[in-house]
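Geometric and topological summary
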Amino acid sequence: MSVSNAPVAPFALRRACVEFDGEHVVDEVDLTIEPGEFVAILGENGTGKTTLMRAMLGLVPLAHGTLRLFDKPLERFHDWQRIAYVPQRLLAAGNVPVSVGEVVRSARFSPHNRFRPDREGKRRTQEALEAVALAGRQRDRFDSLSGGQQRRAMIARALVSDADTYVLDEPTAGIDAESQTQLASTLARLSERGNTILLVTHELGAVADLATRAIVLGRTDHGSVLYDGPTPLPLHLRHDIAHHDDDHHTGGLSTPLLDDPLSESP
Amino acid sequence: MNMLSYDFMQRALIAAVIVGVIAPLIGTYLVQRRLALLGDGMGHVALTGVGIAFLLDTAPIATAMVVAAIGAVIIEVIRARSRTAGDLALALIFYGGIAGGVLFASLAGGRGTAALTQYLFGSLTTVSASDLVGLALLALIVIVVLVVFGREMFALSLDVDTARVQGIRTTGMSTLLTVLAAVAVVVGMRTVGLLLVSAIMIVPVAAAQQLTRSFLSTMALAAVLGVIAATVGLTSSFYLAVPPGPTIVFAALALFPIAALIAVPIRKRRRLEHP
């Protein structure tokens, strides 16, 4: 969690396009995420939020345009320990038991410390699990945790890295109210310490409310970005997003990005 | 009749214990990545190396290692290029491997075909002193590679995307794991045989994972079970006068239901801890 003083933008996209089978999933995106910003990428399902986020991490190739990470093109960027990525779930729910502690600590494994014993790993893992209220679960099987607890363990996983930039994919999807509150306070703390936070979400709630800048995606003639500016969102955009919120329960949490309640959802 | 009074049995036992430790260590990663059948395929590919050795009249360990390593790299290149055609391409390489082995061995003459069986199902009598040195060296390489790269390979086996964002070279690590599987296959070739060697990579892991809660403890227990299976299997092979491959695999398979029985009270207790 060391915060670099160098004022270099963690992410900069210029005229970025991502294509799948010849179709533009992300089109003409120009954006710069400044250090210390708390940004929420919002949009209806199918507007390419997750694809945009994956493109910013270099996980999806750009069909056109450029990506710079900390002012370096992807090929020449090696400071990966500055970025912590929290996916929705671990891809490989494999057949071997994996403990919560092992999942969390795995974020510390990289080419940088290949030949060095990880002396701080144990302590950092313990602290990170305490920070997400999962102290004492270190030795349990990861798959014995509930969905919300697994998500919190994934946040702990991000906390043990030495990152100053956190990228989260739908961090609140399908998790209980207690975990949402817990998550919001962890992210607020990270943000207060000057870290950059970028999250993708389709629901407005306690977590998205922390964002100071919103990027709303949709389909227009001039690219994928409908809105890029400070929160709260302009009225006409709030409805677009809120309407697609009905498949997840926010556990009774308020949705302060909106002035009006969600009662008018269809 | 004490089997250890024979020099060849001492060598066979050492060779079996080496594969009993090494194969499950690699197998744990393969099972986690859902590549349990990869070892099987690597065994087929290594067979071509054995056939080439017969044809050239050289030591099979070196040629099997080279051919299996080349096969491992080709497999990874194909898998990286295409997700869908990968499965089919793997099958083609595996068939090619076994066909190549039988073809080259047959070209080497009648002696070759007979000797091939020893490599398919293992043999008690064929482990030479120089083989043992080669096996020990390969085993050492596997352990050094795991100490240096094992943590990154673990992160990769959890999630490819997060591993990439951590700066881990995922294609490189993936290839390294497949090459390690090839090494384990060659280490097991003499005692367990190429057709059954992947069993000693996978079955101890399947037994161990019923009792463990972490990746590291699964690895450790699988290696212990691998050594037990190799020792028990080799001993039975000697007294029953049958090839060691099948007895080692049966010994490993027998550990599976035993582990399942032991797991019942352990699971019950854990459920009480965290209802």
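What counts, and where the lines are drawn
- Residues numbered from 1 in each chain as written.
- Chains lettered and ligands numbered in written order.
- Predicted model: local features only at pLDDT ≥ 70, side-chain atom pairs only at ≥ 80, totals over all residues.
- Heavy atoms only, no water.
- 1 Å grid on protein atoms, 1.4 Å probe; cavity = no way out; pocket = protein on both sides within 12 Å on 5 of 7 lines; lining within 4 Å.
- Points joined across faces, edges and corners; volume = space filled by probe spheres on them.
- Nonpolar A, V, L, I, M, F, W, Y, C, P; charged D, E, K, R; others polar.
- Patch = residues over 30% accessible without salt bridge, like charges linked within 9 Å, V, L, I, M, F, W, Y side chains within 5 Å.
- Areas by Shrake-Rupley, 256 points an atom, 1.4 Å probe, with all protein chains shown as cover.
- Salt bridge = Lys/Arg side-chain N within 4 Å of Asp/Glu carboxyl O.
- Helix = DSSP H or I, 4+ residues; strand = E, 2+ residues; numbered from the N terminus.
- Buried < 20%, exposed > 50% of the residue type's maximum accessible area, 1.4 Å probe, protein only.
- pLDDT = per-residue confidence, 0-100.
- Contact = heavy atoms within 4.5 Å.
- Phe/Tyr/Trp six-rings, centres within 6.5 Å; stacked < 30°, edge-to-face > 60°.
- Axes fitted to C-alpha atoms, helices over the stretch in contact; angles between N-to-C directions.
- Parallel < 35°, antiparallel > 145°, perpendicular 65-115°, else oblique.
- Left-handed = near helix turned anticlockwise from the far one by under 90°.
- Polar contact = N/O pair within 3.5 Å; in protein donor to acceptor, adjacent residues only side chain to side chain.

Moving on, we get to empty space enclosed by the protein. Scanning all chains against the criterion turns up three cavities of 30 Å³ or more. Quantified by volume, the second largest cavity comes out at close to 40 Å³. Split into classes, the residues belonging to the lining of the second largest cavity amount to four nonpolar, five polar and one charged.

Looking now at a nonpolar patch on the surface. Residues and elements named next belong to chain B. A contiguous nonpolar patch, built from Leu55, Leu56, Leu103 and Leu107 and spanning about 410 Å² of accessible area, is present on the exposed surface. For the nonpolar patch, the secondary-structure elements that each account for two or more residues are helix H2 (38-56) and helix H4 (86-107). Its relative accessible area of 55% is what places Leu56 among the exposed residues.

With that settled, consider the confidence of the model for chain A. On average, residues of chain A score 81 in pLDDT, and 85% of them are at 70 or above. Ignoring residues within four places in sequence, the model shows residues 243-266 of chain A, a span with pLDDT below 50, making 48 contacts including any to other chains.

Any two aromatic rings considered together are summarised by their centre-to-centre distance and by the angle between their planes. All chains considered together, the criterion is met by eight aromatic pairs over all chains. With a centroid separation of 5.8 Å and an interplanar angle of 10 degrees, the aromatic rings of Phe70 of chain A and Phe77 of chain A are classed as stacked. Per residue, the accessibility class of Phe70 of chain A equals that of Phe77 of chain A, and both read buried. With centroids separated by 5.4 Å and ring planes inclined at 45 degrees, the aromatic side chains of Tyr6 of chain B and Phe8 of chain B adopt a geometry described as tilted. A relative accessible area of 24% places Phe8 of chain B in the partly exposed class. Members of the aromatic cluster, joined through ring pairs, are Tyr6, Phe8, Phe238 and Tyr239 of chain B.

Residues and elements named next belong to chain B. Put simply, helix H1 (residues 7-32) and helix H8 (residues 170-189) touch, their axes get as near as 9 Å, and they point 155 degrees apart. One way to sum up the angle between H1 and H8 is to call them roughly antiparallel. Judged by the twist between their axes, the crossing of H1 over H8 is left-handed. Within the contact between the two elements, H1 uses Ile18, Val19, Ile22, Ala23, Ile26, Tyr29 and Leu30 and H8 uses Leu177, Leu180, Ala181, Ala184, Val187 and Gly188.

Residues and elements named next belong to chain A. Summed over all chains, the structure comprises 16 salt bridges over all chains. Of the charged contacts, one joins Arg137 and Asp140 as a salt bridge, the two residues approaching to 2.6 Å between their closest N and O atoms. Here Arg137 and Asp140 have matching classes, each one buried.

All names here are of chain B. With respect to the secondary-structure elements, Ser123 resides in the loop between helix H5 (110-121) and helix H6 (129-158). Within the structure, the side chain of Ser123 is placed 3.2 Å from the backbone nitrogen of Thr125, a separation counted as a polar contact. Excluding its chain neighbours within four sequence positions, the residues that come into contact with Ser123 are Gln118, Arg190, Thr191 and Pro244.

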